[in-house]
Amino acid sequence: GLDEVQEVVEFLCEQPATARFVSRKLALYFIADEPPPALVERMARTFEKSHGTIADMLKTMFLDKDFLAAIDAPVSAKAADASAGKFKDPMQFVVSSLRLAYDGRPFPNFRLVIGWLQQLGEPLYGHVTPDGYALNESAWTSSGQLVKRFEIARAIGSGNAGLFNNDDNTPGPTVGFPVL
């Protein structure tokens with residue numbers, strides 16, 4: 001029953017391997033494809049001390065000197081060091097581009113965005129295994145992926161990109177991509 005599930009979850013949270021796994025995943029998401037091992041270890045210790053409290057782990061990470069050094073590095077240093085910074089996965093790329101271009105303005109034609117994500121290889125609810133889509137740069141930097149990103153950026157930057165409805169509440173015109 002549910003009590004057994006709770007016991008299993010508590011057992012897993014007490015394992016050092018779980019602490020390292022969760023710490024590495026968080027650092028991989030926020031910092032770099034190869035996060036500093038010392039930082040991952042400090043986060044794992046926080047995980048163990050706090051019994052898996054993610055907020056405490058994030059606090060450890062965000063206040064750590066290795067994290068602060070990674071985000072404070074000048075752009076030229078990040079360009080020279082391939083391990084510095086993070087390459088955005090398709091979801092982060094599309095959402096952050098839309099936020100930047102449209103300043104949080106809501107858009108009713110979300111089907112176009114779903115189509116973009118599908119074209120970039122990260123369709124909503126499309127990953128068949130529970131581990132989620134890849135967080136590392138190499139999964140998203142093929143030449144075809146980059147070309148598609150440029151096309152989507154051009155569509156977003158060209159105006160409403162078909163995201164906003166017309167006066168009769170039908171989707172607006174699409175720019176370069178069909179509405180699904």
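As a reminder, the structure under discussion sits directly above these lines.
This one's a predicted model, so the numbers in the text were calculated from it and none came from an experiment.

Analysis parameters
The numbering scheme is per chain: residues are counted from 1 as the chain's sequence reads. Note on the predicted model: pLDDT of at least 70 is required for a residue's local features to be given, and 80 or more for side-chain atom pairs to be given and counted; whole-chain, interface and lining totals, by contrast, use all residues. Neither water nor hydrogens contribute to the side-chain values; these are computed over all heavy atoms in the structure. Put plainly, a pocket is an open set of points on a 1 Å grid over the protein atoms alone with protein on both sides within 12 Å along at least five of seven lines, a cavity is a set where a 1.4 Å probe fits but cannot get out, and a lining residue has an atom within 4 Å of a point. Grid points are joined across faces, edges and corners, and a volume is the space filled by probe spheres set on the points. Each residue is assigned to one class: nonpolar for Ala, Val, Leu, Ile, Met, Phe, Trp, Tyr, Cys and Pro, charged for Asp, Glu, Lys and Arg, and polar for all the others, Gly among them. By the criteria applied, helices consist of DSSP H or I runs no shorter than four residues and strands consist of E runs no shorter than two, each listed in order from the N terminus. Remark: exposure states derive from per-residue accessible area (1.4 Å probe, protein chains only) relative to the maximum for the residue type, with buried under 20%, exposed over 50%, and partly exposed in between. Charge assignment: positive for Lys and Arg, negative for Asp and Glu; neither His nor the chain ends contribute. What counts as a salt bridge is simple: a side-chain nitrogen of Lys or Arg found within 4 Å of a carboxyl oxygen of Asp or Glu. Whenever a nitrogen or oxygen atom comes within 3.5 Å of another N or O atom, the pair is scored as a polar contact, on the condition that within protein one atom can donate a hydrogen and the other can accept it, and that pairs from neighbouring residues in sequence are kept only if both atoms are in side chains. Residues are treated as being in contact if the distance between any of their heavy atoms lies within 4.5 Å. Every angle, taken between N-to-C directions, lies between 0 and 180 degrees, and every axis is a line fitted to C-alpha atoms, over only the stretch in contact when it is a helix. In what follows, roughly perpendicular refers to angles from 65 to 115 degrees, roughly parallel to angles under 35, roughly antiparallel to angles over 145, and oblique to any angle outside these ranges. Less than a right angle of anticlockwise turn of the near helix away from the far helix marks a crossing as left-handed, whereas a clockwise turn marks it as right-handed.

Next up on the list: the layout of surface pockets. When its volume is computed, the largest pocket comes out at roughly 200 Å³. Split into classes, the residues belonging to the lining of the largest pocket amount to two nonpolar, one polar and two charged.

What follows is about empty space enclosed by the protein. Enumeration over the complete set of coordinates arrives at one cavity of 30 Å³ or more. One number sums up the size of the largest cavity: a volume of about 50 Å³. Lining the largest cavity, in full, are Tyr29, Lys86, Phe87, Asp89, Gln92, Ala134 and Leu135. Looking at the lining of the largest cavity residue by residue, the classes come out as four nonpolar, one polar and two charged.

Turning to unusual backbone geometry, a few remarks are in order. The phi angle at His51 is positive, at roughly 60°, despite the residue not being glycine. With respect to the helices and strands, His51 occurs in the loop between helix H3 (37-49) and helix H4 (54-62). What makes His51 exposed here is its relative accessible area of 68%. At Tyr125, a residue that is not glycine, the phi angle is positive and equals roughly 55°. Looking at the secondary structure, you find Tyr125 in the loop between helix H8 (111-119) and helix H9 (143-157). A residue is classified by how much of its surface remains accessible, and Tyr125, at 83% relative accessible area, is exposed.

This part takes up the side chain of Glu122. Among the structural elements, Glu122 can be located in the loop between H8 and H9. The side chain of Glu122 is buried and forms no salt bridge, while Arg149, the nearest opposite charge, is found at 7.2 Å. Side-chain polar atoms of Glu122 contact the backbone nitrogen of Met91, separated by 2.6 Å. In contact with Glu122, not counting residues within four places along its chain, are Asp89, Pro90, Met91, Leu117, Tyr133 and Trp140.

Evaluated as defined, the whole model comprises five salt bridges. A salt bridge links Arg42 to Asp66, with the nearest nitrogen and oxygen atoms 2.9 Å apart. Linking Arg42 in helix H3 with Asp66 in helix H5 (residues 65-72), this pair joins segments that are 24 residues apart in sequence. Its relative accessible area of 22% is what places Arg42 among the partly exposed residues. A residue is classified by how much of its surface remains accessible, and Asp66, at 22% relative accessible area, is partly exposed. Between Asp66 and Lys65 there is a salt bridge, and its shortest N-O distance comes to 3.7 Å. By relative accessible area, Lys65 is classed as exposed at 57%. Taken together, the shared-partner salt bridges connect Arg42, Asp64, Lys65 and Asp66 into one network.

On to the side chain of Asp64, then. Position of Asp64 among the secondary structure elements: in the loop between H4 and H5. By relative accessible area, which is 8% here, Asp64 ends up buried. Here Arg42 takes part through its side chain, which lies 2.7 Å from a polar atom of the side chain of Asp64. Reaching out from Asp64, the side chain makes a polar contact with the backbone nitrogen of Asp66 at a distance of 2.8 Å. Contacts of Asp64, omitting those with residues within four sequence positions, involve Leu39 and Arg42.

Turning to the packing of helix H7 (residues 90-102) against H9, a few remarks are in order. Relative placement of two packed helices is described by the angle separating their axes and the distance separating the axes. In the contact formed by H7 and H9, the axes pass within 10 Å of each other and the chain directions differ by 20°. Judged on the interaxial angle alone, H9 and H7 are roughly parallel. Where H7 crosses over H9, the two elements pack in a sense that is right-handed. Note on element contacts: H9 touches H7 through Gln145, Arg149, Ile152, Ala153 and Ile156, opposite Pro90, Phe93, Ser97, Leu98, Ala101 and Tyr102. In terms of residue class, the contact of H7 with H9 is made up of eight nonpolar, two polar and one charged.

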